[in-house]
Amino acid sequence: MRSWIAFVLSLALSLAVAQSQTWTMATPYPDGNFHTINIREFAREVEAATQGRVVIRVNSGASLLPHPQILPAVRNGQIQLGEVLISLLANENPIFALDSIPFLVSSYEDAQRLYRVSKGEIENWLARRGMVLLFSVPWPGQGLYTKKPINSAADLRGLRFRAFNPATARIAELTGMIPTQVEAADIPQAFATGIVEAMITSPSTGVDSQAWDFARFFYDLRAWIPKNMVVVNRRALESLSPADREALLAAARRAEQRGWEASQREASSKTAILAQRGMQVLQPSPQLVADLRKVGETMVNEWLRRAGATGVNIYRAYLGR
Ligand code: PCA
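This report concerns the structure included in the present document.

### What about the overall build of the protein?
And step 1. The number of helices and strands found in the protein is 10 helices and 11 strands.
And step 2. Relative to a compact globule of 321 residues, whose C-alpha radius of gyration would be 20 Å, the protein shows 21 Å and is just as compact.
And step 3. If you line up the protein on its principal axes, its C-alpha atoms span 85 × 45 × 30 Å.
And step 4. Every one of the 321 residues in the protein was classed for burial, and the buried ones make up 54%.
And step 5. In the protein, the share of contacts with a sequence separation of at least 24, taken over all contacts with a separation of at least 6, comes to 77%.
And step 6. Total accessible area computed for the protein in this model is approximately 14400 Å², and 52% of it derives from carbon and sulfur atoms.
And step 7. Placing the 35 positive and 28 negative side-chain charges of the protein at their respective mean positions leaves the two points 3 Å apart.

Printed below as a string of structure tokens:
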């Protein structure tokens, strides 16, 4: 009798495991964006590798949830997967601010090194909240979009500036601009209604928002290389069979690799589109770069003061000291 019950139970369990699950994923950025394209490919690979046992429905462009609500929804299990900009969380933990400080990182090699040294702390923070980091992909370097020529930080004074995280708001304050937080999906409207008149972001987001409609100049600063991360609810991940879980993690590793490569291609292809659409794509003047480097130094010092021992060690590891 007992072995019969055990048999029925194990059969029920294996049926439950084999059953297909449909997971909901929320992302902040639009369909044409390379992050979204990469995520949709990830979802396709997961579905194929698990023979349809894990189906991921991707809700892009903040259509399901506004950006700031995506991570809380993954945390409480309302959705299984989410993508967020890491530095949007800068007020939660200093580690999240590190990849948005101007001129701390100036190449993809730097960005890769910063990711390597900070990944463990990001994973710990997520683990304490029941989430697992699947992969992280950088945006192309950040450049300045304006309506009029900008030759130094003095030319920025008084501009209404679009911020997308605490770091960009701080840059605005330090240069005498007036920051307003505007999500990527709302950029065209914010410019059209005059809420903002300048921004710093990637050529990718410039193309997504058709920056040529509202800005004439793009200064190719490559001031920093912020990253997105894709996270999964831990209980959802653990509900998968070991084989399906491994298939999903393998697809995540491929997505990360693919995303870093796509980002580097984007940097030139999307900058070329800005020029084709009639924007003046310019190198920043040495004065503007020097001014913004000073802003970066101030922000590093502010960051070090609140980073704590863990943060300082990560920063040192990044510098190789
Ligand atoms: N695009 C996002 C974040 C960084 C970027 O390049 C945005 O502008 O909101």
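Moving on, there is more to tell.
### Remarks on the site of the ligand
And step 1. Taken together, the residues surrounding the ligand are Tyr-29, Leu-85, Trp-139, Gln-142, Arg-162, Phe-164, Ala-184, Thr-201, Ser-202 and Thr-205.
And step 2. Between an oxygen atom of the ligand and a side-chain N or O atom of Thr-201, the distance comes to 2.7 Å.
And step 3. In this structure, Ser-202 approaches the ligand through a side-chain N or O atom, which is 2.6 Å from an oxygen atom.
And step 4. In the complex, the protein chains occlude 100% of the 260 Å² of accessible area that the ligand would expose alone.

### Structural notes on the sheet that holds strand β5 (residues 143-146)
And step 1. Strand order in the open sheet formed by 6 strands is β7-β6-β8-β5-β9-β11, and the pairing between neighbours is mixed. Strands at the two margins of the open sheet, each flanked by one partner only, are β7 (178-181) and β11 (280-282). Looking at each pair of strands side by side, their axes are set apart by 25 degrees on average, direction ignored.
And step 2. The strands touched by helix α5 (residues 166-174) within the sheet are β6 (160-163) and β7, with β6 carrying the most contacts at an inclination of about 160 degrees.

### Topic: helix α10 (residues 286-319)
And step 1. With 34 residues, α10 ought to run about 50 Å at 1.5 Å a step, yet its terminal C-alpha atoms sit only 24 Å apart, falling short of that.
And step 2. For α10, the principal kink sits at Gly-308 and spans about 130 degrees.
And step 3. Backbone geometry just after α10 places Gly-320 at a positive phi near 80 degrees.

### Points about the nonpolar core
And step 1. Core analysis: the largest hydrophobic core is formed by 106 residues, its most contacted members being Trp-23, Phe-42, Ile-56, Leu-134, Phe-135 and Met-229.
And step 2. Here this core gets 12 residues from one element, more than from any other, and that element is α10.
And step 3. Not counting the four nearest positions on each side in its chain, Ile-56 is found in contact with Trp-23, Met-25, Phe-42, Ala-43, Val-46 and Leu-81.

### A few points about the environment of Lys-119
And step 1. Position of Lys-119 among the secondary structure elements: in helix α4 (residues 108-127).
And step 2. Here Lys-119 falls in the partly exposed class, since its relative accessible area comes to 30%.
And step 3. Residues Lys-119 and Ile-314 lie 195 residues apart in sequence; the distance between their C-alpha atoms is 9.7 Å.

### Points about the sheet that holds strand β1 (residues 21-26)
And step 1. With mixed pairing, 5 strands are arranged side by side in an open sheet as β2-β1-β3-β10-β4. Two strands bound the open sheet, and with one partner strand each, they are β2 (54-59) and β4 (131-138). Averaged over all adjacent pairs, the angle separating strand axes in this sheet is 20 degrees, with direction ignored.
And step 2. Summarising the sheet, β1 and strand β3 (residues 81-85) pair through 2 bridges and their orientation is parallel.

What counts, and where the lines are drawn
- Note that residues are indexed from 1 along each chain, following the sequence as it is written.
- Selection of residues for local features in this predicted model requires a pLDDT of at least 70, selection of side-chain atom pairs for listing and counting requires 80 or more, and totals for whole chains, interfaces and linings are taken over all residues.
- Side-chain calculation: all heavy atoms of the structure are included, whereas hydrogens and water are not.
- Strands here are runs of E lasting at least two residues and helices are runs of H or I lasting at least four, both read from the DSSP assignment and numbered beginning at the N terminus.
- Using C-alpha atoms as the atom set, the radius of gyration is obtained and then compared with a globule rule of 2.2 Å times the number of residues to the power 0.38.
- Summary of the burial criterion: residues with accessible area below 20% of their type's maximum are buried, those above 50% are exposed, and those between are partly exposed, where the area comes from a 1.4 Å probe applied to protein chains only.
- Residue contacts are counted whenever heavy atoms from the two residues lie within 4.5 Å of one another.
- Using the Shrake-Rupley algorithm and a 1.4 Å probe, accessible areas are obtained, with residue cover drawn only from the displayed protein chains.
- The charge count includes Lys and Arg as positive and Asp and Glu as negative, but it does not include His or the ends of the chains.
- All charge positions are set by atom: Lys at NZ, Arg at CZ, Asp at CG, Glu at CD.
- Throughout, near means a residue has at least one heavy atom within 4 Å of the molecule or strand.
- Any N or O atom pair separated by 3.5 Å or less is treated as a polar contact, with the protein-specific requirement of one donor-capable and one acceptor-capable atom, and with residues adjacent in sequence counted only for side-chain atom pairs.
- At least two DSSP bridges between two strands are needed for those strands to be called paired.
- For helices, the fitted line uses only the C-alpha atoms of the stretch in contact; every axis is such a line through C-alpha atoms, and the angle between N-to-C directions lies from 0 to 180 degrees.
- Here the expected span of a helix is defined as 1.5 Å times the quantity of residues minus one.
- One axis fitted to the seven residues ending at a residue, another fitted to the seven starting there: the angle between these axes is the bend at that residue.
- In this text, buried Ala, Val, Leu, Ile, Met, Phe, Trp, Tyr and Cys residues form a nonpolar core when linked through side-chain atoms within 4.5 Å.

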